[in-house]
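Letter by letter, the chains look like this.
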Amino acid sequence: MDYVVRLDQIGKDDLRIAGGKGANLGEMLKLGIPVPPGFAVTTASFDLLMRMHDLGKKIGLIISSINVDDTAKLLDASKEIKAMILSYEMPPEVRLKVDEAYKSLPDSATSDSSLPLVAVRSSATAEDLPTASFAGQQASFLNVKGSDELVESIKKCWASLFEPRAIFYRAKHGFAKSSISVIVQKMIEADKSGVMFTADPTTGEDVVLIEATWGLGESIVGGEVSPDSYRVDKNGKIIDIQVSNKTRMRVRDQASNTTVELDVPQDKANAQVLTEQEILNLAEFGLTLERHYRHPQDVEFAIENGKIAIVQTRAITTKGKTKKVGIKGNQLLKGVGASPGAASGRVRIISSKDDVAKINKGDIIVTTMTSPDLVPAMSRSAAIITDLGGRTSHAAIVSREMGIPAIVGTQQATTVLKDGQEVTVDAYDGIVYDGRIEVDIETPVEVHAGMTRTKVKVNLAFAQGLNEIAPKADGVGLLRIEHLITQFGVHPSKLVKEGKQEEYVKLLIDGIRPIAKAFSPKPVWVRTLDARSDEFKNLKGGEDEPQEANPMLGWHGIRRSLDEPELLKSEFRAIKKMHEEGLTNLQVMLPFVISAEEVQKARKIAHEVGLPDAAKIGIMVETPASVMIIEELCKEGIAFASFGTNDLTQLTLGIDRGNERLANLSSTFHPAVLRSMKMVIDTCSRYSVETSICGEAGSDSEMAKILVKYGIKSISCNIDAVDAIRMAVHEKELEISELT
Ligand code: PEP
Ligand code: MG
């Protein structure tokens with residue numbers, strides 16, 4: 001993969017190399033949208049740095065050692081990781097390409113002094129995906145000049161992948177692996193700039209909403225200013241113009257070449273920022289983008305000497321879905337409802353970073369501006385109120401995404417409200433009431449269990465957090481029983497050899513029953529034992545495990561179960577017993593299948609044990625063999641087929657999934673893996689066999705969307721990814737239904 005690619009050489013499918021921002025910019029250029037020229041320092045560059053210094057492991061250790069809800073620890077971990085990344089030189093082969101590309105930008109000469117000013121922004125691979133805008137989560141540097149400064153800025157963007165809020169956000173949304181690309185673009189000397197939404201993000205109304213202010217756009221997205229606001233209908237007619245009082249602006253200071261904040265000159269403070277023609281032209285660009293992406297867009301723009309430049313576009317992540325019925329009380333304040341909802345709680349005035357720690361669960365954050373730094377604390381709060389900022393400020397986007405009510409632009413919340421005071425926030429209408437007031441809400445339309453056509457299930461290993469997760473998921477798509485056994489401490493073969501099958505049956509029932517109950521009547525797919533010979537070695541009785549050169553390719557899964565039928569029988573007996581107790585939602589999943597004969601044999605053993613027909617038997621598709629013979633397996637009568645992409649990827653690509661050195665080569669998105677899955681889904685559909693995924697890739701929103709497009713019937717993901725996957729599935733299904 002190239003370390004550097006020009007923006008006009010990339011398109012929307014290049015998310016993995018250029019990140020969301022880069023892929024979108026390339027795509028926009030193809031549509032004829034005016035985008036400033038530039039290039040992407042691809043994920044390959046960042047990955048190279050990570051590999052050169054074994055950073056994946058080092059960072060993984062730091063993050064896994066902390067609880068991300070502990071703000072102080074989170075800050076320390078982030079600091080340590082960022083310092084580590086910045087301490088390394090940019091790999092020389094990357095630097096060479098960066099310098100070349102920089103010098104090839106239009107209006108560049110070769111000497112440093114005549115190199116143009118550039119904007120340097122991070123472009124994360126999980127960023128800007130329709131399900132999770134990493135709003136404001138990564139860095140950007142403006143007015144960067146000269147090769148050395150550019151290189152430093154790129155390194156800072158790399159480090160920004162580990163900002164506290166980014167670590168936190170990923171931990172909560174379940175993006176396990178992340179890389180980052182950096183976009184370098186010629187600087188626009190913006191005299192005005194702003195943000196455009198092609199659907200009202202708060203109400204979902206089908207109009208174009210544009211917010212604009214003087215100077216650079218950072219003051220809008222950072223929430224430092226209450227911008228002008230314009231609305232245009234979808235026929236291109238301006239329906240509303242609201243000119244606001246704009247007090248501050250950011251501009252470039254020529255002498256120091258830095259961005260400075262200034263008072264807006266008197267004659268401009270209350271003047272309309274955009275001309276009608278500019279409003280109409282912008283709306284037209286916005287609608288072109290919306291049509292192209294078939295989804296409402298959130299667009300950032302800058303205008304220099306009357307020339308519009310589009311800086312960024314991405315899908316709007318949320319739309320207002322709830323409605324308030326009625327509320328009466330003593331009004332204290334009015335602002336703009338930026339994230340719909342209502343809540344009562346105690347006011348916490350936040351004037352500095354140090355105040356963040358005093359926010360308790362259920363408090364209402366009151367602050368001058370909604371800065372993205374507040375994200376970790378926001379997740380604890382019941383609502384957010386700000387003095388400044390518009391509906392398109394980044395933190396407003398984040399609060400919508402977190403589902404936390406927010407009112408922005410009240411002008412005076414921090415002076416009118418007092419620390420500790422109890423208030424009620426009505427973020428539908430943007431009103432703050434005195435005291436605690438009951439608010440009647442119509443049942444909110446949320447994405448919840450059963451709502452998507454494609455089922456969203458979870459992978460489980462233990463009976464933990466069931467009350468919270470069971471209502472949200474459509475079942476368990478993989479219940480790994482190995483961990484129940486490791487907890488017990490004795491190798492099941494030892495139990496069987498000593499004639500203690502009943503103990504094994506009991507252990508399984510004790511472990512599985514609470515899960516089956518919590519999910520009943522939703523299906524729970526119990527995977528039969530899939531322990532590798534190296535994994536159970538430390539258990540009592542494990543010393544008899546064979547010594548294998550390649551345990552991954554060794555004696556495990558169904559092949560082993562057929563060699564040790566007493567173990568398999570015990571597992572079937574446990575399931576049978578629970579069926580007799582009424583837990584008829586339990587079904588059986590056979591791992592590591594390579595032949596129809598294996599299924600046949602397993603079924604025969606099930607018969608011998610008397611496993612009822614309701615305990616359907618399905619398989620995992622983890623081997624290229626099972627992909628190639630999927631038709632035979634369907635004919636054999638399997639009830640379902642679930643992709644174990646961890647093994648399927650390793651075996652299709654010939655890459656040991658545990659080998660760190662090869663991790664960068666391994667991708668579930670490899671066309672060979674994708675095509676295997678497509679083929680299996682197509683064949684299974686013909687035989688009405690349910691298809692699913694339970695490998696790690698099922699927790700990746702992008703993968704979920706691809707599989708929904710292919711027609712998969714369910715996706716089983718990690719617990720922390722359920723909401724994100726549900727949203728991804730929902731959006732993809734909507735998109736498909738709109739297309740057909
Ligand atoms: C898989 O291979 O994707 C899978 C889910 O099984 P395991 O990770 O337990 O091998
Ligand atoms: Mg596997």
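About the criteria used
- Residues numbered from 1 in each chain as written.
- Chains lettered and ligands numbered in written order.
- Predicted model: local features only at pLDDT ≥ 70, side-chain atom pairs only at ≥ 80, totals over all residues.
- Heavy atoms only, no water.
- Helix = DSSP H or I, 4+ residues; strand = E, 2+ residues; numbered from the N terminus.
- Rg over C-alpha atoms; globule rule 2.2 N^0.38 Å.
- Buried < 20%, exposed > 50% of the residue type's maximum accessible area, 1.4 Å probe, protein only.
- Contact = heavy atoms within 4.5 Å.
- Near = heavy atom within 4 Å.
- Polar contact = N/O pair within 3.5 Å; in protein donor to acceptor, adjacent residues only side chain to side chain.
- Areas by Shrake-Rupley, 256 points an atom, 1.4 Å probe, with all protein chains shown as cover.
- Nonpolar A, V, L, I, M, F, W, Y, C, P; charged D, E, K, R; others polar.
- Domains from an automatic or database assignment.
- Phe/Tyr/Trp six-rings, centres within 6.5 Å; stacked < 30°, edge-to-face > 60°.
- Lys NZ or Arg CZ within 6 Å of the ring centre and 35° of its normal.
- Donors = N, O, S within 2.8 Å, 3.2 Å for Na, K, Ca; no water.
- Pairing = 2+ DSSP bridges.
- Axes fitted to C-alpha atoms, helices over the stretch in contact; angles between N-to-C directions.

> Please clarify how the overall build of the chain should be interpreted in this entry.
What the chain contains, in helices and strands, is 26 helices and 31 strands. In terms of overall size, the chain behaves like a compact globule, its C-alpha atoms giving a radius of gyration of 28 Å where 740 residues would be expected to give roughly 27 Å. In terms of overall dimensions, the chain has C-alpha extents of about 90 × 65 × 50 Å along its principal axes. In the chain, which comprises 740 residues, the share counted as buried stands at 58%. The long-range share in the chain, meaning contacts at least 24 apart out of those at least 6 apart in sequence, stands at 68%.

> Just checking my understanding: could you explain the site of ligand 1 for this structure?
In the vicinity of ligand 1, 13 residues are found, and the nearest of them are Arg480, Arg532, Gly644, Asn646 and Arg657. Side-chain polar atom of Arg532 to an oxygen atom of ligand 1: 2.9 Å apart, as the coordinates give it. Here ligand 1 loses 95% of its free accessible area of 290 Å² to cover by the protein chains. If one sorts the elements of the shell around ligand 1 by residue count, helix α23 (residues 645-653) sits on top with three residues. Here the shell around ligand 1 is built from residues that sort into three nonpolar, four polar and six charged.

> Could you clarify how one ought to interpret the domain arrangement of the chain in this entry?
It is common to report an interface's size as the accessible area lost on association of the parts. Assigned domains of the chain: these are domain 1 (4-186), domain 2 (192-315), domain 3 (324-442) and domain 4 (455-739). A C-alpha centroid distance of 44 Å is found between domain 3 and domain 4.

> Before we go on, may I ask you to explain the packing of aromatic side chains in this structure?
One pair of aromatic rings is described through two measures. These are the centre distance and the angle between the planes. Counted according to the given criterion, the structure contains two aromatic pairs. Taking 3.6 Å as the distance between ring centres and 5° as the angle between the ring planes, the aromatic pair formed by Trp525 and Phe640 counts as stacked. Taken together, the residues Trp525 in strand β26 (residues 524-527) and Phe640 in strand β29 (residues 640-643) connect sequence positions 115 residues apart. The exposure class assigned to Phe640 is buried, which follows from its relative accessible area of 1%. Directly above the aromatic system of Trp214 lies the positively charged group of Lys268, at a separation of 4.5 Å from the ring centroid. We note Lys457 situated over the ring of Trp525; from NZ or CZ to the ring centre the distance is 3.8 Å.

> Quick question: what am I supposed to make of the side chain of His491 here?
Relative to the assigned elements, His491 resides in the loop between α15 (482-488) and α16 (492-497). The class of His491 is buried, set by a relative accessible area of 1%. From its side chain, His491 meets the backbone nitrogen of Ser493 in a polar contact 3.0 Å long. In this view, His491 contacts Phe536, Leu539, Lys540, Gly541, Gly542, Glu545 and Arg560; residues no more than four positions away in its chain are not counted.

> Can you help me understand the coordination of the magnesium ion (ligand 2) in this one?
Ideal geometry at a metal centre: 109.5 degrees between donors when four sit tetrahedrally, and 90 or 180 degrees when six sit octahedrally. Distances from the magnesium ion (ligand 2) to its protein donors, Glu622 (OE) and Asp647 (OD), fall at 2.0 Å. Of this pair, Glu622 sits in the loop between β28 (617-621) and α21 (624-628) while Asp647 sits in helix α23, and the two are 25 residues apart along the sequence. Accessibility assignment for this pair places Glu622 and Asp647 in one class, buried.

> What is the right way to read the pairing of strand β24 (residues 455-460) from this model?
Along any regular strand, the residues point their side chains to alternate faces of the sheet. Among the six residues that make up β24, five are buried, leaving the element largely enclosed by the rest of the structure. Pairing geometry for β24 and strand β25 (residues 476-479), over three bridges, is parallel. Across the sheet, Asn459 pairs through a bridge with Leu478, a residue of β25.

> Sorry, what's going on with the sheet that holds strand β21 (residues 422-426) here?
Sheet strands pair by backbone hydrogen bonding; their relative direction is either parallel or antiparallel. With respect to topology, eight strands assemble into an open sheet ordered β15-β22-β21-β17-β18-β19-β20-β16, the strand pairing being mixed. Edge strands, defined here as strands with exactly one partner in the open sheet, are β15 (331-334) and β16 (336-339). In this sheet, adjacent strand axes meet at a mean angle of 30° when their direction is disregarded. Across three bridges, the pairing between β16 and strand β20 (residues 406-408) is antiparallel. Residue pairing across strands places Gly337 opposite Ile407, the latter belonging to β20.

> Help me understand unusual backbone geometry, please; the structure alone is not making it clear to me.
A negative phi holds for most residues other than glycine; trans holds for most peptide bonds. Note that the residue after Ser520, namely Pro521, is joined by a cis bond; omega there is 5°. With respect to the helices and strands, the residue Pro521 is situated in the loop between α17 (501-519) and β26. Phi at Asp54 takes a positive value of approximately 55°, unusual for a residue other than glycine. Mapped onto the secondary structure, Asp54 falls in the loop between α2 (43-52) and α3 (55-64). In this structure Asp54 comes out as partly exposed when scored by relative accessible area, which is 34%. Its identity is not glycine, yet Asn143 carries a phi of approximately 55°, on the positive side.

> Can you walk me through the pairing of β21 in this structure?
Taking burial as the measure, the five residues of β21 include four buried ones, the bulk of the element. Examined bridge by bridge, strand β17 (residues 342-350) and β21 share five bridges and lie antiparallel to one another. Bridging across to β21, Ala343 finds its partner in Val425. Bridge count between β21 and strand β22 (residues 431-434): four bridges; the pairing is antiparallel. Bridging from a neighbouring strand, Asp426 pairs with Ile431 of β22. If you look at the hairpin formed by β21 and β22, you'll find four residues sitting between the two strands, and Gly430 has a positive phi there, around 75°.

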